[in-house]
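# Fold and contact review
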Amino acid sequence: MPDDFLVAADLTKSFDDLRAVDGISFTIRRQEMFGLLGPNGAGKTTTIRMLSTVLKADSGDVTIGGHSVTNDSDAVRELIGVCPQELALYPELSATDNLMFFGRMAGLGGAEAKEATRSNLDRVGLLDRAGDVVDKFSGGMKRRVNIAIALMSRPQLLFLDEPTVGIDPQSRNHIFETVLKLRDEGMTVLYTTHYMEEADRLCDRIGVIDNGKLIRLGAPKELKSEIGDPEQVTLEEVFLNLTGRSLRD
Ligand SMILES: Nc1ncnc2c1ncn2[C@@H]1O[C@H](COP(=O)(O)OP(=O)(O)OP(=O)(O)O)[C@@H](O)[C@H]1O
Ligand SMILES: [Mg+2]
(Lines give C-alpha, C1' and ligand atoms only; values in the text may rest on other atoms or scores of the structure.)
(Ligands and ions follow the chains in the order given, each with its own letter.)
Protein backbone atom coordinates (compact mmCIF):
# COMPACT_ATOMS: atom_id res chain seq x y z
CA MET A 1 0.00 0.00 0.00
CA PRO A 2 1.66 3.25 -1.11
CA ASP A 3 0.19 5.29 1.75
CA ASP A 4 1.47 2.95 4.47
CA PHE A 5 4.30 4.91 6.03
CA LEU A 6 5.14 2.51 8.85
CA VAL A 7 4.79 -1.23 8.50
CA ALA A 8 5.35 -3.44 11.56
CA ALA A 9 5.19 -7.17 10.91
CA ASP A 10 5.04 -9.82 13.61
CA LEU A 11 7.23 -8.02 16.15
CA THR A 12 8.27 -9.89 19.25
CA LYS A 13 10.43 -9.01 22.22
CA SER A 14 11.07 -11.00 25.39
CA PHE A 15 12.82 -10.00 28.59
CA ASP A 16 13.99 -13.28 30.14
CA ASP A 17 10.85 -15.40 30.10
CA LEU A 18 8.44 -12.46 29.81
CA ARG A 19 6.99 -11.92 26.32
CA ALA A 20 6.65 -8.13 26.47
CA VAL A 21 5.63 -7.90 22.80
CA ASP A 22 4.13 -10.97 21.23
CA GLY A 23 3.66 -10.98 17.46
CA ILE A 24 2.41 -7.46 16.83
CA SER A 25 1.57 -6.34 13.27
CA PHE A 26 0.07 -3.06 12.10
CA THR A 27 0.57 -0.23 9.63
CA ILE A 28 0.39 3.52 9.99
CA ARG A 29 -0.67 5.58 7.00
CA ARG A 30 0.83 8.91 6.10
CA GLN A 31 -0.87 11.74 8.00
CA GLU A 32 -2.62 9.30 10.26
CA MET A 33 -2.95 9.66 14.02
CA PHE A 34 -2.55 6.12 15.24
CA GLY A 35 -3.19 5.27 18.88
CA LEU A 36 -1.77 2.36 20.84
CA LEU A 37 -4.13 1.92 23.73
CA GLY A 38 -3.43 -0.45 26.59
CA PRO A 39 -2.94 -0.76 30.34
CA ASN A 40 0.32 -0.51 32.29
CA GLY A 41 2.80 -3.14 31.16
CA ALA A 42 0.90 -3.95 27.95
CA GLY A 43 4.00 -3.48 25.78
CA LYS A 44 3.42 0.02 24.36
CA THR A 45 6.83 1.48 25.20
CA THR A 46 8.67 -1.68 24.18
CA THR A 47 6.88 -1.49 20.82
CA ILE A 48 7.79 2.18 20.34
CA ARG A 49 11.41 1.46 21.24
CA MET A 50 11.59 -1.21 18.55
CA LEU A 51 9.88 1.01 15.97
CA SER A 52 12.22 3.91 16.71
CA THR A 53 15.50 1.95 16.36
CA VAL A 54 16.28 2.04 20.10
CA LEU A 55 15.67 -1.63 20.83
CA LYS A 56 16.31 -4.62 18.60
CA ALA A 57 13.33 -6.93 18.12
CA ASP A 58 13.83 -10.66 18.72
CA SER A 59 11.95 -11.30 15.51
CA GLY A 60 9.74 -9.49 13.03
CA ASP A 61 10.29 -6.57 10.79
CA VAL A 62 9.66 -2.82 10.68
CA THR A 63 9.94 -0.42 7.78
CA ILE A 64 9.38 3.33 7.92
CA GLY A 65 9.15 5.21 4.64
CA GLY A 66 10.37 2.02 2.98
CA HIS A 67 13.54 1.84 5.12
CA SER A 68 14.23 -1.11 7.36
CA VAL A 69 14.62 -0.20 11.02
CA THR A 70 17.36 -2.82 11.39
CA ASN A 71 19.30 -2.51 8.12
CA ASP A 72 18.79 1.16 7.41
CA SER A 73 18.41 2.73 10.84
CA ASP A 74 20.15 6.00 9.91
CA ALA A 75 17.58 6.69 7.20
CA VAL A 76 14.78 5.82 9.63
CA ARG A 77 16.18 8.18 12.28
CA GLU A 78 16.03 11.04 9.80
CA LEU A 79 12.30 10.48 9.42
CA ILE A 80 11.24 10.17 13.05
CA GLY A 81 10.94 12.23 16.20
CA VAL A 82 10.57 10.58 19.59
CA CYS A 83 9.05 12.01 22.74
CA PRO A 84 9.83 9.29 25.28
CA GLN A 85 7.70 8.39 28.28
CA GLU A 86 10.49 9.51 30.64
CA LEU A 87 11.59 13.12 30.24
CA ALA A 88 14.78 13.54 28.23
CA LEU A 89 16.02 17.13 28.56
CA TYR A 90 18.53 19.29 30.40
CA PRO A 91 16.80 20.76 33.46
CA GLU A 92 19.60 23.28 34.08
CA LEU A 93 19.18 24.86 30.64
CA SER A 94 16.45 27.22 29.49
CA ALA A 95 13.72 26.00 27.15
CA THR A 96 15.41 27.85 24.29
CA ASP A 97 18.84 26.39 25.06
CA ASN A 98 17.40 22.86 25.24
CA LEU A 99 15.79 23.22 21.83
CA MET A 100 18.85 24.89 20.31
CA PHE A 101 21.05 22.07 21.62
CA PHE A 102 18.87 19.31 20.18
CA GLY A 103 18.37 21.26 16.94
CA ARG A 104 22.11 21.56 16.39
CA MET A 105 22.49 17.86 17.27
CA ALA A 106 19.95 17.11 14.54
CA GLY A 107 22.15 18.97 12.09
CA LEU A 108 20.31 22.29 11.79
CA GLY A 109 22.38 25.39 11.09
CA GLY A 110 22.35 28.23 13.61
CA ALA A 111 19.67 30.34 11.92
CA GLU A 112 17.56 27.27 11.12
CA ALA A 113 17.81 26.04 14.71
CA LYS A 114 16.81 29.45 16.02
CA GLU A 115 13.75 29.61 13.79
CA ALA A 116 12.76 26.01 14.61
CA THR A 117 13.18 26.76 18.33
CA ARG A 118 10.84 29.70 18.11
CA SER A 119 8.19 27.90 16.06
CA ASN A 120 8.28 24.75 18.21
CA LEU A 121 8.02 26.68 21.48
CA ASP A 122 5.07 28.45 19.91
CA ARG A 123 3.55 25.11 18.91
CA VAL A 124 3.58 23.89 22.52
CA GLY A 125 2.48 27.23 23.96
CA LEU A 126 5.73 28.10 25.76
CA LEU A 127 7.07 31.08 23.82
CA ASP A 128 6.50 33.36 26.79
CA ARG A 129 8.69 31.11 28.98
CA ALA A 130 11.42 30.56 26.39
CA GLY A 131 14.23 32.01 28.50
CA ASP A 132 13.31 30.28 31.77
CA VAL A 133 15.30 27.40 33.19
CA VAL A 134 13.37 24.16 32.59
CA ASP A 135 13.95 22.96 36.16
CA LYS A 136 11.48 25.60 37.35
CA PHE A 137 8.72 24.32 35.05
CA SER A 138 5.78 22.14 36.10
CA GLY A 139 5.78 18.49 35.00
CA GLY A 140 3.36 19.35 32.22
CA MET A 141 5.49 22.20 30.95
CA LYS A 142 8.56 19.95 30.94
CA ARG A 143 6.58 17.43 28.92
CA ARG A 144 5.71 20.17 26.43
CA VAL A 145 9.40 21.09 26.15
CA ASN A 146 10.08 17.42 25.43
CA ILE A 147 7.52 17.40 22.64
CA ALA A 148 9.10 20.54 21.18
CA ILE A 149 12.51 18.81 21.35
CA ALA A 150 11.12 15.83 19.43
CA LEU A 151 9.97 18.22 16.70
CA MET A 152 13.36 19.90 16.28
CA SER A 153 14.58 17.38 13.70
CA ARG A 154 11.49 18.14 11.57
CA PRO A 155 10.26 14.55 11.67
CA GLN A 156 7.71 13.09 9.29
CA LEU A 157 6.57 10.62 11.95
CA LEU A 158 6.30 11.55 15.61
CA PHE A 159 6.18 9.05 18.47
CA LEU A 160 4.44 10.35 21.58
CA ASP A 161 4.64 7.88 24.45
CA GLU A 162 1.99 8.68 27.07
CA PRO A 163 2.41 12.43 26.71
CA THR A 164 -0.36 13.27 29.16
CA VAL A 165 0.32 10.99 32.13
CA GLY A 166 0.54 12.72 35.48
CA ILE A 167 0.30 16.31 34.30
CA ASP A 168 -1.90 19.30 35.11
CA PRO A 169 -5.10 19.89 33.11
CA GLN A 170 -3.79 23.09 31.54
CA SER A 171 -0.76 21.34 30.08
CA ARG A 172 -2.95 18.47 29.00
CA ASN A 173 -5.10 20.87 27.01
CA HIS A 174 -2.02 22.45 25.49
CA ILE A 175 -0.80 19.02 24.43
CA PHE A 176 -4.16 18.22 22.83
CA GLU A 177 -4.04 21.49 20.95
CA THR A 178 -0.47 20.84 19.84
CA VAL A 179 -1.33 17.36 18.61
CA LEU A 180 -4.40 18.64 16.76
CA LYS A 181 -2.30 21.38 15.15
CA LEU A 182 0.30 18.82 14.08
CA ARG A 183 -2.47 16.76 12.60
CA ASP A 184 -3.69 19.77 10.58
CA GLU A 185 -0.13 20.25 9.35
CA GLY A 186 -0.13 16.67 8.06
CA MET A 187 2.16 15.07 10.65
CA THR A 188 1.95 11.31 11.09
CA VAL A 189 1.72 10.41 14.77
CA LEU A 190 1.90 7.29 16.91
CA TYR A 191 0.34 8.12 20.25
CA THR A 192 0.25 5.78 23.22
CA THR A 193 -2.08 6.22 26.13
CA HIS A 194 -4.15 4.37 28.64
CA TYR A 195 -6.73 7.16 28.61
CA MET A 196 -9.68 6.03 26.49
CA GLU A 197 -11.16 9.46 25.98
CA GLU A 198 -7.88 10.78 24.54
CA ALA A 199 -7.62 7.94 22.09
CA ASP A 200 -11.24 8.42 21.11
CA ARG A 201 -10.84 12.13 20.57
CA LEU A 202 -7.46 12.25 18.84
CA CYS A 203 -6.92 9.04 16.91
CA ASP A 204 -8.03 8.01 13.43
CA ARG A 205 -7.34 4.38 14.27
CA ILE A 206 -6.56 2.58 17.47
CA GLY A 207 -4.71 -0.61 18.21
CA VAL A 208 -5.80 -2.11 21.50
CA ILE A 209 -2.82 -3.82 23.13
CA ASP A 210 -2.87 -6.15 26.12
CA ASN A 211 -0.24 -8.58 27.42
CA GLY A 212 2.00 -7.86 24.43
CA LYS A 213 -0.68 -8.70 21.86
CA LEU A 214 -2.64 -6.44 19.57
CA ILE A 215 -6.14 -7.64 20.27
CA ARG A 216 -8.12 -5.23 18.08
CA LEU A 217 -7.44 -2.60 15.45
CA GLY A 218 -9.80 -0.09 13.91
CA ALA A 219 -11.31 3.38 13.96
CA PRO A 220 -12.80 4.26 17.37
CA LYS A 221 -16.26 4.13 15.83
CA GLU A 222 -15.68 0.69 14.33
CA LEU A 223 -14.46 -0.70 17.63
CA LYS A 224 -17.49 0.71 19.41
CA SER A 225 -19.90 -0.55 16.73
CA GLU A 226 -18.73 -4.09 17.41
CA ILE A 227 -20.44 -4.05 20.76
CA GLY A 228 -23.32 -1.62 20.31
CA ASP A 229 -24.43 1.83 19.26
CA PRO A 230 -21.20 3.82 18.71
CA GLU A 231 -22.89 6.96 19.99
CA GLN A 232 -23.57 5.28 23.32
CA VAL A 233 -20.70 2.84 23.82
CA THR A 234 -17.35 4.07 25.23
CA LEU A 235 -13.89 2.72 24.42
CA GLU A 236 -13.67 1.79 28.10
CA GLU A 237 -16.53 -0.64 27.49
CA VAL A 238 -14.82 -1.92 24.34
CA PHE A 239 -11.72 -2.74 26.38
CA LEU A 240 -13.76 -4.38 29.11
CA ASN A 241 -15.59 -6.41 26.50
CA LEU A 242 -12.34 -7.56 24.87
CA THR A 243 -10.39 -8.40 28.00
CA GLY A 244 -12.90 -8.82 30.80
CA ARG A 245 -10.94 -6.18 32.71
CA SER A 246 -11.12 -2.44 33.16
CA LEU A 247 -8.28 -0.48 31.60
CA ARG A 248 -7.46 1.16 34.91
CA ASP A 249 -7.10 -2.08 36.91
N1 LIG B 1 14.27 -3.49 29.91
C2 LIG B 1 13.37 -4.32 30.46
N3 LIG B 1 13.76 -5.39 31.21
C4 LIG B 1 12.86 -6.25 31.73
N5 LIG B 1 11.52 -6.12 31.58
C6 LIG B 1 11.07 -5.09 30.86
C7 LIG B 1 11.97 -4.12 30.27
N8 LIG B 1 11.23 -3.19 29.61
C9 LIG B 1 9.94 -3.55 29.79
N10 LIG B 1 9.84 -4.67 30.54
C11 LIG B 1 8.59 -5.37 30.88
O12 LIG B 1 7.87 -5.60 29.68
C13 LIG B 1 6.47 -5.40 29.86
C14 LIG B 1 5.99 -4.33 28.91
O15 LIG B 1 6.54 -3.08 29.33
P16 LIG B 1 6.27 -1.72 28.55
O17 LIG B 1 7.08 -0.70 29.24
O18 LIG B 1 6.48 -1.93 27.11
O19 LIG B 1 4.72 -1.50 28.83
P20 LIG B 1 3.82 -0.19 28.62
O21 LIG B 1 2.60 -0.64 27.89
O22 LIG B 1 4.64 0.88 28.03
O23 LIG B 1 3.42 0.17 30.11
P24 LIG B 1 3.21 1.62 30.82
O25 LIG B 1 1.79 2.02 30.54
O26 LIG B 1 3.40 1.32 32.26
O27 LIG B 1 4.23 2.57 30.29
C28 LIG B 1 6.30 -5.03 31.33
O29 LIG B 1 5.95 -6.21 32.04
C30 LIG B 1 7.67 -4.52 31.74
O31 LIG B 1 7.90 -4.72 33.11
MG1 LIG C 1 5.12 2.74 28.61
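Here, the structure is the one placed above.
Throughout what follows, the structure given in this document is the object of discussion. All figures in this text were calculated on a predicted structure; none of them were measured in a lab.

Each value, and the rule that gives it
- Residues numbered from 1 in each chain as written.
- Chains lettered and ligands numbered in written order.
- Predicted model: local features only at pLDDT ≥ 70, side-chain atom pairs only at ≥ 80, totals over all residues.
- Heavy atoms only, no water.
- Near = heavy atom within 4 Å.
- Polar contact = N/O pair within 3.5 Å; in protein donor to acceptor, adjacent residues only side chain to side chain.
- Areas by Shrake-Rupley, 256 points an atom, 1.4 Å probe, with all protein chains shown as cover.
- Helix = DSSP H or I, 4+ residues; strand = E, 2+ residues; numbered from the N terminus.
- Nonpolar A, V, L, I, M, F, W, Y, C, P; charged D, E, K, R; others polar.
- Donors = N, O, S within 2.8 Å, 3.2 Å for Na, K, Ca; no water.
- Pairing = 2+ DSSP bridges.
- Core = buried A, V, L, I, M, F, W, Y, C linked by side-chain atoms within 4.5 Å.
- Buried < 20%, exposed > 50% of the residue type's maximum accessible area, 1.4 Å probe, protein only.
- Contact = heavy atoms within 4.5 Å.
- Axes fitted to C-alpha atoms, helices over the stretch in contact; angles between N-to-C directions.
- Phe/Tyr/Trp six-rings, centres within 6.5 Å; stacked < 30°, edge-to-face > 60°.
- Lys NZ or Arg CZ within 6 Å of the ring centre and 35° of its normal.

## Thoughts on the site of ligand 1
Residues in close proximity to ligand 1 total 13 residues, the closest being G41, K44, T45, T46 and Q85. In the environment of ligand 1, an oxygen atom lies 2.8 Å from a nitrogen or oxygen atom belonging to the side chain of Q85. At 2.9 Å from an oxygen atom of ligand 1 is found a side-chain nitrogen or oxygen belonging to E162. The protein chains hide 63% of the 640 Å² of surface that ligand 1 would expose on its own. Contributions of two or more residues to the shell around ligand 1 are made by β2 (18-29) and α1 (44-51). At three residues, the largest contribution of residues to the shell around ligand 1 is made by α1. Of the residues assigned to the shell around ligand 1, the class counts are five nonpolar, six polar and two charged.

## Details of the coordination of the magnesium ion (ligand 2)
The magnesium ion (ligand 2) binds to the protein through T45 (OG1) and Q85 (OE1), with metal-donor distances spanning 1.9 to 2.1 Å. Of this pair, T45 sits in helix α1 while Q85 sits in the loop between β6 (80-83) and α3 (95-105), and the two are 40 residues apart along the sequence.

## Some words on the sheet that holds strand β4 (residues 59-64)
The strand order β2-β1-β4-β5 describes an open sheet built from four strands, whose pairing is antiparallel. The sheet is open, and its two edges are formed by β2 and β5 (67-68), each paired on a single side. The pairing of β4 with β5 spans two bridges and is classified as antiparallel. By the bridge assignment for β5, T63 is matched with S68.

## Here we look at the nonpolar core
Among the nonpolar cores identified, the biggest contains 46 residues, and V145, L158, L160 and I206 are the most heavily contacted of them. A per-element tally of this core places helix α5 (residues 139-151) first, with seven residues. Those residues in contact with L158, other than ones at most four positions away along the chain, are G81, A150, L151, L182, M187, T188, V189 and L190. By size, the runner-up hydrophobic cluster in this structure holds 26 residues, among which are F26, A42, L55 and I80.

## What about the sheet that holds strand β3 (residues 33-37)?
The pairing of strands in a sheet happens through backbone hydrogen bonds and is either parallel or antiparallel. The strand order across the open sheet formed by six strands is β6-β7-β8-β3-β9-β10, and the pairing between neighbours is mixed. The open sheet terminates on both sides in strands that have one partner only, identified here as β6 and β10 (213-218). Ignoring strand direction, the axes of neighbouring strands in this sheet form an average angle of 15°. One ladder, built from five bridges, connects strand β9 (residues 205-210) with β10; its direction is antiparallel. Its bridge partner lying in β10, I209 is registered against L214. Lying over the sheet, α5 contacts β6 and β7 (157-161), oriented at roughly 165° with respect to β6. Relative to β9, helix α9 (residues 235-243) is tilted by about 40°, and along the sheet it contacts β9 and β10.

## Quick notes on the packing of aromatic side chains
According to the stated counting rule, one finds four aromatic pairs in the structure shown. Consider the rings of Y90 and F101, whose centres lie 5.2 Å apart with planes at 85°: the pair is edge-to-face. Of this pair, Y90 sits in the loop between β6 and α3 while F101 sits in helix α3; the two residues are eleven residues apart in sequence, bridging distant segments of the chain. Judged by its relative accessible area of 34%, Y90 falls in the partly exposed class. Judged by relative accessible area, F101 falls into the partly exposed class, the value being 32%. Ring geometry for F101 versus F102: centroids 5.2 Å apart, planes at 85°, classification edge-to-face. Three or more aromatic residues link up through ring pairs in this structure, and these residues are Y90, F101 and F102. When the ring centre of Y195 is taken as reference, the NZ or CZ atom of R172 above it lies at 4.8 Å.

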